[in-house]
Amino acid sequence: MSRRRTPQAQRETPEDGICELHQEPLQLFCAQDCVVLCVMCFCYQDHTGHVVCEVGDAAQHCRTLFLGILKTLKEKLEVAKSILAEEQERMVSVQGEEQNFREMIESEHRILFQLIIKINEKNLKNHQGSINWKEFGLIQLSEFAKEVEKSQETIQRLNKLSRENMMKLQESEAKLREQICNLQKISTELEWKCGQSTFVLLQNAGYYLERGESLLYQCLEPACITELSLCHVSGMSKILKNFQRPITLDPNTAHPCLVLSENLRSVRLRDAQPATPANPRKFDFSATVLGAEGFTSGWHYWEVEVGKADKWQLGICVDAHTRADRPGASECKILLTRSVMGNDCTFWVSPPLKRVSLRERMGTVGVFLYYEYGQLSFHDVTKGHLIYNFSNLSFWGTVRPLFSLCVPNGGSATDSLSICLPPISAGAGRCAR
């Protein structure tokens with residue numbers, strides 16, 4: 001019935017069921033030509049070798065086919081609408097990501113410039129009249145100018161990728177809208193057909209079957225766009241080394257599943273959780289431990305070796321005593337999370353929860369806190385790239401570094417995190433406990 005119609009099959013079928021040519025009842029249906037016949041038509045017209053059946057059986061079979069195609073078309077219509085909504089969300093997301101990257105780059109420039117000035121002021125104060133330190137300051141400013149130039153190139157790549165992505169998404173949106181329109185139209189026609197009489201149902205049945213099947217074979221695929229995260233933002237890990245802190249871990253906040261090293265610079269998971277008395281300062285909801293140092297002002301930077309852990313979290317947390325001084329204040333945490341699904345690892349930041357990008361395994365992560373400026377940033381120390389930064393945050397009270405490992409669902413785990421020691425020259429920031 002789905003074969004292409006012949007000119008003979010394109011004629012309209014009389015609703016009264018009487019052959020206009022022979023004035024005989026239309027009792028037969030030729031599946032080859034998709035046309036109703038009377039006995040005379042069958043005898044004198046060329047239907048030799050064709051499959052011919054009674055019109056009642058043909059109508060029932062045709063209605064069953066229509067209903068099956070109609071069901072699948074409606075399912076495909078819902079899928080198309082869902083993909084269209086996702087494409088529209090992706091367009092908004094692409095624009096937001098480009099703006100977010102711009103803001104991160106601009107924020108990095110502002111912070112980097114301030115840090116260079118701060119370092120130069122300190123060095124000039126400690127080495128007044130030293131030509132070497134003045135030259136060192138000029139070299140740093142020259143390096144800063146190069147970083148700005150590289151960042152401008154990054155912004156240009158972002159603009160280009162964003163435009164290409166938007167064009168792909170707009171083309172996908174137009175194609176999906178057309179497919180949705182066609183699906184809705186043929187679905188309406190098939191619903192109407194299924195509710196008609198035998199002879200109206202069989203009229204041009206092959207045409208409707210052909211249209212329905214052709215739409216079913218059309219692919220529904222979202223646009224393939226390029227991740228903007230491929231445009232890596234250069235970090236400032238070399239400058240941040242001047243502010244690196246000798247962070248240690250606070251055993252009083254360690255989850256029972258965690259084992260701290262004797263020097264309080266490493267943490268790993270133990271095989272089984274021991275029975276320990278409840279401690280309100282412990283993070284009993286996850287395998288987390290806080291840093292012993294608390295910050296209420298200044299610039300602070302610490303590095304953590306994460307290469308021996310698959311799932312972890314790094315960030316900062318408002319101290320519990322600070323929250324106790326502010327009734328009704330919720331727990332404030334800012335986190336970078338690495339999760340693993342199959343062979344892929346994904347990085348998330350929160351709040352709000354947002355996927356950063358798919359990246360390769362990192363060896364060392366740097367965390368930089370600028371309290372007064374409301375800045376917290378995460379850096380891939382190995383590659384010198386910025387992972388993500390938060391700016392214009394509102395810190396209050398004491399904030400402390402946070403380290404967390406994922407508790408395994410049964411069995412043992414060998415995941416561990418280690419805090420890196422700062423270089424001897426570090427220590428330009430201020431610390432308050």
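Calculation rules
- Residues numbered from 1 in each chain as written.
- Predicted model: local features only at pLDDT ≥ 70, side-chain atom pairs only at ≥ 80, totals over all residues.
- Heavy atoms only, no water.
- Helix = DSSP H or I, 4+ residues; strand = E, 2+ residues; numbered from the N terminus.
- Buried < 20%, exposed > 50% of the residue type's maximum accessible area, 1.4 Å probe, protein only.
- Contact = heavy atoms within 4.5 Å.
- Areas by Shrake-Rupley, 256 points an atom, 1.4 Å probe, with all protein chains shown as cover.
- Phe/Tyr/Trp six-rings, centres within 6.5 Å; stacked < 30°, edge-to-face > 60°.
- Disulfide = S-S within 2.5 Å.
- Core = buried A, V, L, I, M, F, W, Y, C linked by side-chain atoms within 4.5 Å.
- Expected span 1.5 Å × (residues − 1).
- pLDDT = per-residue confidence, 0-100.
- Salt bridge = Lys/Arg side-chain N within 4 Å of Asp/Glu carboxyl O.

*Asks:* Go over the overall build of the chain with me, naming the residues and quoting the values.
*Replies:* Scanning the chain for helices and strands turns up 7 helices and 17 strands. Across the 433 residues of the chain, 46% fall into the buried class. Within the chain, contacts between residues separated by at least 24 positions form 72% of all contacts whose residues are at least 6 apart in sequence. Total accessible area computed for the chain in this model is approximately 22,800 Å², and 52% of it derives from carbon and sulfur atoms.

*Asks:* Tell me about the packing of aromatic side chains, and please be specific about residues and values.
*Replies:* On inspection of all chains with the given rule, the structure shows 6 aromatic pairs. Measuring from ring centre to ring centre gives 5.1 Å for tryptophan 299 and tyrosine 370, while their planes differ by 40°; the resulting arrangement is tilted. Of this pair, tryptophan 299 sits in strand 8 (residues 299-305) while tyrosine 370 sits in strand 13 (residues 364-370), and the two are 71 residues apart along the sequence. Judged by its relative accessible area of 8%, tyrosine 370 is buried.

*Asks:* Could you give me a rundown of the environment of lysine 238, with the residues and numbers involved?
*Replies:* Looking at the element boundaries, lysine 238 is found in helix 6 (residues 237-240). Residues lysine 238 and glycine 384 lie 146 residues apart in sequence; the distance between their C-alpha atoms is 8.4 Å.

*Asks:* Please set out the state of the cysteines residue by residue, giving values where relevant.
*Replies:* Taken as a whole, this structure holds 0 disulfides when the rule is applied. In this model cysteine 53 remains outside any disulfide bridge; the closest cysteine sulfur is found in cysteine 30, 9.0 Å from its own. Of the residues examined, cysteine 53 reaches a relative accessible area of 28% and is grouped as partly exposed.

*Asks:* Tell me about the nonpolar core, and name the residues and values.
*Replies:* One finds Trp302, Trp312, Phe403 and Leu417 to be the most contacted residues of the largest nonpolar core, which totals 45 residues. If near-sequence neighbours (up to four positions away) are discounted, phenylalanine 403 is found in contact with Ile247, Leu249, Ala287, Thr288, Val289, Gly291, Trp302, Val304, Gln313, Leu314, Leu417 and Ile419. Residues Cys38, Ala58, Leu73 and Leu220 belong to the second largest nonpolar core, which totals 37 residues.

*Asks:* I'd like a description of helix 5 (residues 205-216), backed by residues and values.
*Replies:* Taking 1.5 Å of rise per residue, 12 residues should cover 16 Å, and helix 5 covers 17 Å from first to last C-alpha, within 8% of that figure. Those residues of helix 5 not exposed but buried are Ala205, Gly206, Tyr208, Leu209, Arg211, Gly212 and Leu215.

*Asks:* Now, about the confidence of the model for the chain: what can you tell me, with residues and values included?
*Replies:* Looking at the chain, pLDDT values average 75 and 72% of them are 70 or higher. Overall, residues 1-13 carries pLDDT values under 50, and its contacts beyond four positions in sequence, including any with other chains, amount to 37 contacts. This stretch, residues 426-433, has a pLDDT under 50; its non-local contacts, to residues over four places away or in other chains, come to 27 contacts.

*Asks:* So, the pattern of salt bridges: which residues are in play, and what are the values?
*Replies:* Applying the stated criterion across every chain yields a total of 5 salt bridges. Residue lysine 74 pairs with glutamate 191 through a salt bridge whose shortest N-O separation is 2.5 Å. One end of the pair, lysine 74, is in helix 2 (residues 55-126); the other, glutamate 191, is in helix 3 (residues 131-194), with 117 residues separating them in the sequence. Residue classification places lysine 74 among the partly exposed residues on the basis of a relative accessible area of 37%.

*Asks:* Describe the environment of leucine 73, naming the residues involved and giving the relevant values.
*Replies:* Tracing the sequence through the fold places leucine 73 in helix 2. The spatial distance from the C-alpha of leucine 73 to the C-alpha of serine 187 is 6.8 Å, given a sequence separation of 114 residues. Look past the residues within four positions of leucine 73 in its chain and what remains in contact with it is Leu183, Ile186, Ser187, Leu190, Gly212, Leu215 and Leu216.

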